Each structure stands twice: as C-alpha cells, then as structure tokens.
Amino acid sequence: METAPGVVGLCDDVLVEILVRLPSKSVLRCRAVCKRWRRITTDGSFLAAHAAHAASCTREMIIRPGHVYDPSSLLAVETIRLSLDPRPRPIRFLCNRTHLMWCRVLYSLDGLLVLQPQPSRYIICNPMTRQSASLPPLAPQPCFTACACGFYLHGSSNEYRLLCHCLQGEAREHSYYILSTASTLPRRLGRAPTPADLPTSWVRYEVPVAHCGILHWFSLHPEATRTGKMLVFHTVSETFRLMSRPPERPGDATTSWSLFELDGELCVAAMQSETSLDIWVLQDYKAESWMLRHRVTMLGGSNAVTMTMVVSVGSGAILIGSRYCDVARLYNLKDKKTHKDVIFGPSLPTFLLFSESLVSHAFFDSPPHPDFESISFSPRRGGS
C-alpha cells in the first residue's frame, strides 16, 4: 500500500509531536497550510501541550525601559531570553503600554499579562493571540484606592483572578477584593490587615511566588513587620495564613531575601553581600521546615551587581540581580561557578518570566468595559 511522502503522510500523533515544538508564530502560520493542520493546531489538547512545552523549554524575562528617551521604546513591553547559551539574545516585542508615564506590567502567568493603565484599573492581554480584556474597575466605587496583590488561576472554576488590597469608605477600611475574568463586578473577600509600619493609605505587596496552587509573599506585605512571617494565600479556598521563614542565624549579615521556585521546590535566597548567598529549600511544607541546600560564593566580575532578586532560568542555573540594576549574574548551581554577567542595558530586568501560549479564553470575547483602553500589538516607530 502506498503512502503519501514527507510530512503529508504522517499520522496525526506524529504531526502533533512536531508542531507542538514550534514557536507560536509558526503554529499560527501552519493553520493556513490545510484544513487538517488547522484542525490539529486549534484543538484544545494541542494548545495546552504547546503551552506546556514552551514553558518548560524557554525562559524569557520581561524587561522595562531604563534611561531611554525614545517614546516608542518606553511604550514597548519586551522580553529577552535567558539561557546558558553564549550567543546573542534577541529582544522580542510583545505589546505596547497604553500610557507612557503610568502603565505598568504587574504579572505574567500562562502567557497572559496583567497591565495597570490607570490607578485601580487592570487589563489582561495575550500578546501571542493579540487579545485583551478589562477586569472590573475598583475605583471610585466600591474602593477609594486599590493595590494589586497577586494574579492566579482558580482551579475549580478555571477563572483567572486578580487579588487586590483596597481602602474603602470614609473610614478607609482595609479589605481584600477579587476581580474575576468571569464577572463584571468586583467581589469582596473580607477584611485585610492594616500595615503596622506604614501610613494607613500606603499598602505594598511584592510579586508573589506561586507554588502548588498557593501564592507566597516573603516580606513585603502588611503583616511582615508584626509577625516576621510569610503571607500565604490558597488559591482554591481563597484563604490566608502565615508561614514561617527560614531561620535567622546569630550574627546573620543577610542584607536581602528573595523567594523563588527552583526545580519544583520553594526556595529562599539569603544574600549577604555582592558575592555570597545561601539558598534555603522548604523541605517539609506542612511542618514548615527549611533546609540549607546551597552556599554560593561568587567571584566578583568586572561589573557591579546589586543583589536583591533571584530567579531560576533552568538547567540548574539562577539569575541574581535587581530590578534597578542593568547587570545581573548568571550562576550555575551544578558546576558551582559563575557562568557570565548578563547586561540588560539600556533596559532593566523585571524578574517577571513570560512563556507564550495560544490557549483560547472565552473572556476575551466578552463586551469590553466602557472605559476599556485597548492594547496595541504592533511596534511603534519613532514615537508615532
């Protein structure tokens, strides 16, 4: 029996194994080849497998403009690939911010970005599918002001949700609100703690680390000073609790701490100087037991590196740096040596990782809010 030659003669399973490894733009082009390829590349199981493969194989970090005076550069949301590969790393354009001075990229999850175009207003977009949607507004009602805390996928409902700490009413009562992609109105979750060491109206949260369906804030949250513990939010039950940090040793000279995930484990980097840090691993989650896994000593390079943040880039390597320094250090934990310094200039690292996805979401088809500001997915040239 004769079979068709080349790719045309491949069965669907083999074709999926090939196409799932392609970048999103190539997959979109493949949809125009024939009806069979379009059927395969638009199937939900294929899209999920493609997103999972992209997340496991590539590490892209969102970068933000540094001291750049080209308006088109200031508006662009871009990424740079992180790897041990010494070859040049091209910058990839994702989308444009809606406003030059204010709009910020807050979170990145499953190929989705959360942007804040105005105070208490939030937009979700997928740069690969060029879709965007607004979340329910919080201000001026029901809240006076709001601070985004974390973005997550609610497992049982399959809804993406944004957790916010809000001030409401004349008494400026602190409350938690949830904005959902499946609702047109914000939902009050309950009372929120009042910061013990900050003005009543000043609330801050670091970008949480998600691990096993739970969001973790290490030290930048309202109860940090009073308790000396991490804040934890279970994304299924939507409940909070406090959690122990790694032990502090007598005479500890740690200057900053960074929570991150490494090889499926929740870790904390305790940085003592520009050349040394300890990495603690949460050995027993229920018992909140931490174990010292790595003691890293790095020889200082020719570039000054400010160490406040750590992120895993795969293959046993971590990137160490700061959101306010254009140089970061790539360290290989397996070889126990510095691999290279990564120069981001004139941009700055955000330590937000991005992985592309073509998974479709129904909320992008919902009618937009009257004040919705659309996202541009085409690069602007010369500020025009």
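Computed from a predicted structure; not experimentally measured.

Draft legend 1. Summary view of the confidence of the model for the chain. Counting all residues, the mean pLDDT for the chain is 86, and 89% of those residues have values of 70 or more. Per-element confidence in the chain is highest for strand β13 (residues 214-217), whose mean pLDDT is 97, and lowest for helix α5 (residues 71-75), whose mean pLDDT is 61.

Draft legend 2. Molecular detail of the sheet that holds strand β14 (residues 230-234). In spatial order, the strands read β12-β13-β14-β15; together these 4 strands make up an open sheet with antiparallel pairing. Looking at strand neighbours, the two that pair on one side only are β12 (209-211) and β15 (239-243), the edges of this open sheet. The average angle at which neighbouring strand axes cross in this sheet is 30°, direction not considered. The pairing of β13 with β14 spans 4 bridges and is antiparallel. In the strand pairing of β14, H216 is matched with V232.

Draft legend 3. View of the packing of aromatic side chains. Scanning the entire structure with this criterion turns up 8 aromatic pairs. With a centroid separation of 5.7 Å and an interplanar angle of 25°, the aromatic rings of F151 and Y160 are classed as stacked. Here the two residues F151 and Y160 agree in accessibility, since each one is buried. Taken together through their ring pairs, the aromatic side chains of Y152, Y176, Y205, W217, F233 and F240 make up a single cluster. Lying over the aromatic face of F218, R245 brings its terminal NZ or CZ to 4.9 Å of the ring centre.

Quick notes on the rules
- Residues numbered from 1 in each chain as written.
- Predicted model: local features only at pLDDT ≥ 70, side-chain atom pairs only at ≥ 80, totals over all residues.
- Heavy atoms only, no water.
- pLDDT = per-residue confidence, 0-100.
- Helix = DSSP H or I, 4+ residues; strand = E, 2+ residues; numbered from the N terminus.
- Pairing = 2+ DSSP bridges.
- Axes fitted to C-alpha atoms, helices over the stretch in contact; angles between N-to-C directions.
- Phe/Tyr/Trp six-rings, centres within 6.5 Å; stacked < 30°, edge-to-face > 60°.
- Buried < 20%, exposed > 50% of the residue type's maximum accessible area, 1.4 Å probe, protein only.
- Lys NZ or Arg CZ within 6 Å of the ring centre and 35° of its normal.

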